[in-house]
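For reference, the chains in residue letters:
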Amino acid sequence: MGLVAYFTAVIARAGAAWRARDVEVDDASTLEELMDYLRAVSVGDEPVLAVIEHEDEWFALVRVDGDEEPRLFVSDLAAAGTSPFGPMLAPAADVDSADDLDAPDDDENEDDEDGDEEDDEPKIAAWAGETDLLEDLGISGRTLRKLVEEKGDDPGAVLAEVGETVGFVELLDALR
């Protein structure tokens, strides 16, 4: 039986640069605890990101800006829910992202009339949370969703592409 590989990192923005912060994400048992850890290492009201990745399965981003509420995105909430981080990331399911979606509702309604048993799976997106949490840093919600939908089986590739745009790819690579 192999060990489940998780990668966690906390990075904080300081002006135009991102810096690694010494925070053990594993020590937080709740989102509130993680939020406190992230705020403790912030530079003013600059963003702080916790990056959590389960090798070849999913990733999550938790963002804190000053005293604002945390913002979460999870690439596959069901898979993340079975991990030790599941309880901490569960609030991502409570985010209403309906206005952020492309609406293929007409196709789904037609499938319902056919009574196909396979309809349950494609109706629900695997990701959850705020897809626009990095919009001010150059990654729109639509772009993040597209990356997850196209490369969801390789969370590291999605994070690398996000990191390239936002400016922390070298830092994440060095922390791995």
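Refer to the structure printed above.
Predicted model, so just to flag it, every value in this text is computed and none were measured.

Cut-off values and rules
- Residues numbered from 1 in each chain as written.
- Predicted model: local features only at pLDDT ≥ 70, side-chain atom pairs only at ≥ 80, totals over all residues.
- Heavy atoms only, no water.
- Buried < 20%, exposed > 50% of the residue type's maximum accessible area, 1.4 Å probe, protein only.
- Helix = DSSP H or I, 4+ residues; strand = E, 2+ residues; numbered from the N terminus.
- Pairing = 2+ DSSP bridges.
- Axes fitted to C-alpha atoms, helices over the stretch in contact; angles between N-to-C directions.
- Parallel < 35°, antiparallel > 145°, perpendicular 65-115°, else oblique.
- Left-handed = near helix turned anticlockwise from the far one by under 90°.
- Contact = heavy atoms within 4.5 Å.
- Salt bridge = Lys/Arg side-chain N within 4 Å of Asp/Glu carboxyl O.

A. Quick peek at the pairing of strand β3 (residues 47-54). In terms of residue burial, β3 counts as a mostly covered element, since eight of its eight residues are buried. Both faces of β3 are covered, namely the face carrying P47, L49, V51 and E53 and the face carrying V48, A50, I52 and H54. As defined by bridge partners, strand β1 (residues 6-14) adjoins β3 across seven bridges and the pair is classed as antiparallel. Paired with T8 across the bridge in β3 is I52. Note: β3 against strand β4 (residues 58-65), eight bridges, orientation antiparallel. Each residue of the ladder has a partner; that of P47, found in β4, is D65.

B. Region of the structure containing the packing of helix α6 (residues 141-151) against helix α7 (residues 155-166). It is the contact of α6 with α7, at a shortest axis distance of 9 Å, that shows an interaxial angle of 150°. Overall, the two elements α6 and α7 adopt an arrangement that is roughly antiparallel. Crossing angle aside, the handedness with which α6 passes α7 is right-handed. Along the contact surface, α6 presents L144, L147, V148 and K151, while α7 presents P155, A157, V158, E161 and V162.

C. Spatial organisation of the pattern of salt bridges. Throughout the structure, instances matching the rule amount to six salt bridges. The closest approach of N and O atoms between R63 and D65, which form a salt bridge, is 2.6 Å. Owing to a relative accessible area of 10%, D65 belongs among the buried residues under this scheme. Because the salt bridges share partners, they merge into one network encompassing R63, D65 and D136.

D. The arrangement of the pairing of β4 in detail. Most of β4 sits inside the fold, with eight of its eight residues counted as buried. Side-chain alternation along β4 places W58, A60, V62 and V64 on one buried face and F59, L61, R63 and D65 on a second face that is also buried. Taking the residues between adjacent antiparallel strands as the criterion, β3 and β4 are bridged by three residues, where D56 takes a positive phi near 65°. Two strands pair when backbone bridges link them, and β4 and strand β5 (residues 71-74) are joined in this way by four bridges, in the antiparallel orientation. Each bridged residue has a counterpart across the sheet, and for L61 the counterpart in β5 is F73.

Any functional reading would require information that these geometric values do not contain.
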